[in-house]
Amino acid sequence: MPTALIVDDDTTFRLAISDFLGDNGYTVRDAGDCAGARTALREELPDLLAIDLVLPDGSGLDVVATFPAEAPTRVLVMTGHPSVETAIAAVRGRVDEYLVKPVGLADLSAVLSRLTPETETETGGTPPRPDTSRSQTPHLVFGDSAAMRDLEDRIERVAPMDATVLIQGESGTGKELVAAEIHRRSRRPGRLVAINCGAIAENLITSELFGHEKGAFTGAERRHAGIFERAAGGTVFLDEITEMPAELQVNLLRVLETGSVTRVGGNREIPVDARIIAATNRNPDVAVREGQLREDLYYRLMVYPLRVPPLRERPEDVLRLGGHFLAPQNDPYGTDK
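All values derive from a computational prediction rather than experimental measurement.

Caption draft 1: Representation of the sheet that holds strand E10 (residues 234-239). Ordered by their spatial adjacency, five strands build an open sheet running E9-E10-E13-E8-E14, and the pairing between neighbours is parallel. Strand pairing shows two members of the sheet lacking a second neighbour, strand E9 (192-196) and strand E14 (304-307), which therefore form its edges. Taken pair by pair, the neighbouring strands of this sheet meet at an average axis angle of 20°, ignoring direction. Note: E10 against strand E13 (residues 274-280), five bridges, orientation parallel. Paired with Val 236 across the two strands is Ile 276, which belongs to E13.

Below is the structure:
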């Protein structure tokens, strides 16, 4: 039977979560502060640790940081005090899931389905968790090099969270493939909608991003939903974000801050639920200094940065990638030997 430790100073909330986990087959212990959590963890490492960020005697992340590197415990952070800083600290640490209070039972059930440990085998041992991320990962995106394995691990960590991601990499390194993999692993029910911010005429990109109402401008013969609406429940991928006109960057910043869009020619704010992943082939810090990327937008996008290394930095992946691209050409003729 899996075990769980619930750490929260709100007794009512702690008991409610304990009851829910108990109903789902967990043996549950609980604590109300960091000291109690550390005492419980010294006695036994649980399969699941659900912990608040703000506790009477410190931060829940400080408790998590004391885990030995080899500890199999999965970590769920639940907080009523979310911030960009704590989200960054969580996803860069060993936190597996990050929920904002009030926590709904549907959200908690979804998290449990991803974090529940494997059941015991008939011989009494607990099998290791399958490495589903690597076994199902196309080598077109990842490789056997240390650099790409590190990238894969970071993708696996950030994917289930709704943190905004900024991908940096040279042209041709596979930034859109990385964005697609993040979306696939996120389990968001909506689709991935991509747009190249530098490939659409400036007079059209506003409408494509935010939509327009009928009659908003010449040729607007019908209402048009922008990509944020079309990606409802999914992910928006903004490629080459540094090529977006400065005035539109202000509007994008508002979408990030309010979670809503206003169509061109409209006056009603429309709530949208879309995770944002942006990418650039430039150094974003240089783009900020040169005025091509707003500094406030940069910090909103930089919640979780990823860098895709070029092939020259991972030569050990050349043969595998070569085989991947040659296989479709060889298979019809049996010339793969």
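Caption draft 2: Local environment of the nonpolar core. One finds Leu 209, Ile 227, Phe 228, Leu 238, Ile 241, Leu 252 and Leu 301 to be the most contacted residues of the largest nonpolar core, which totals 31 residues. Where this core is concerned, the elements lending two or more residues are E9, helix H9 (202-210), helix H10 (227-230), E10, helix H11 (246-258), E13, helix H12 (284-289) and helix H13 (295-301). If one sorts the elements of this core by residue count, H11 sits on top with five residues. Excluding its chain neighbours within four sequence positions, the residues that come into contact with Phe 228 are Leu 209, Phe 210, Val 236, Leu 252, Val 255, Val 261, Val 272, Ala 274 and Ile 276. Residues Val 7, Ala 31, Tyr 98 and Met 161 belong to the second largest nonpolar core, which totals 21 residues.

Caption draft 3: Representation of H9 in the model. Those residues of H9 that sit buried are Ile 205, Ser 207, Leu 209 and Phe 210. Of the surrounding secondary structure, the elements contacted by the buried residues of H9 are E9, H10, E10, H11 and strand E11 (260-262).

Caption draft 4: Summary view of the pattern of salt bridges. As enumerated under the stated definition, the model contains 19 salt bridges in all. For Arg 223, the salt bridge identified is with Glu 213, shortest N-O distance 2.9 Å. Linking Arg 223 in the loop between H9 and H10 with Glu 213 in the loop between H9 and H10, this pair joins segments that are 10 residues apart in sequence. On the basis of relative accessible area, Glu 213 is assigned to the buried category, the value being 17%. Among the ionic contacts, a cluster of salt bridges with common partners joins Arg 149, Glu 152, Glu 156, Glu 181, Arg 184 and Arg 185.

Caption draft 5: Spotlight on the sheet that holds strand E7 (residues 97-100). The five strands lie next to each other as E2-E1-E3-E6-E7, forming an open sheet whose pairing is parallel. Taken across any chain shown, the strands that pair with only one partner, and hence form the sheet edges, are strand E2 (27-31) and E7. Strand-to-strand twist in this sheet, taken as the mean axis angle between neighbours without regard to direction, amounts to 15°. Sheet topology places strand E1 (residues 3-7) next to E2; five bridges connect them, and they run parallel. In the strand pairing of E2, Val 7 is matched with Ala 31. Contacts from helix H1 (residues 11-23) reach E1, E2, strand E3 (48-52) and strand E6 (74-79) within the one sheet, and its direction differs from that of E2 by about 165°.

Caption draft 6: Fine view of the packing of aromatic side chains. Applying the stated criterion to the full structure yields two aromatic pairs. Between Phe 210 and Phe 228, the aromatic rings sit 6.1 Å apart at their centres with planes inclined by 5°, giving stacked as the arrangement. Here Phe 228 lies in helix H10 and Phe 210 lies in helix H9, a separation of 18 residues in the sequence. Among the residues examined, Phe 210 registers a relative accessible area of 4% and is labelled buried. Here Tyr 298 and Tyr 299 contribute two aromatic rings whose centre-to-centre distance is 5.1 Å and whose plane-to-plane angle is 65°, an arrangement assigned as edge-to-face. Overall, Tyr 298 belongs to the buried group, its relative accessible area being 7%.

Calculation rules
Residues numbered from 1 in each chain as written. Predicted model: local features only at pLDDT ≥ 70, side-chain atom pairs only at ≥ 80, totals over all residues. Heavy atoms only, no water. Pairing = 2+ DSSP bridges. Helix = DSSP H or I, 4+ residues; strand = E, 2+ residues; numbered from the N terminus. Axes fitted to C-alpha atoms, helices over the stretch in contact; angles between N-to-C directions. Core = buried A, V, L, I, M, F, W, Y, C linked by side-chain atoms within 4.5 Å. Buried < 20%, exposed > 50% of the residue type's maximum accessible area, 1.4 Å probe, protein only. Contact = heavy atoms within 4.5 Å. Salt bridge = Lys/Arg side-chain N within 4 Å of Asp/Glu carboxyl O. Phe/Tyr/Trp six-rings, centres within 6.5 Å; stacked < 30°, edge-to-face > 60°.

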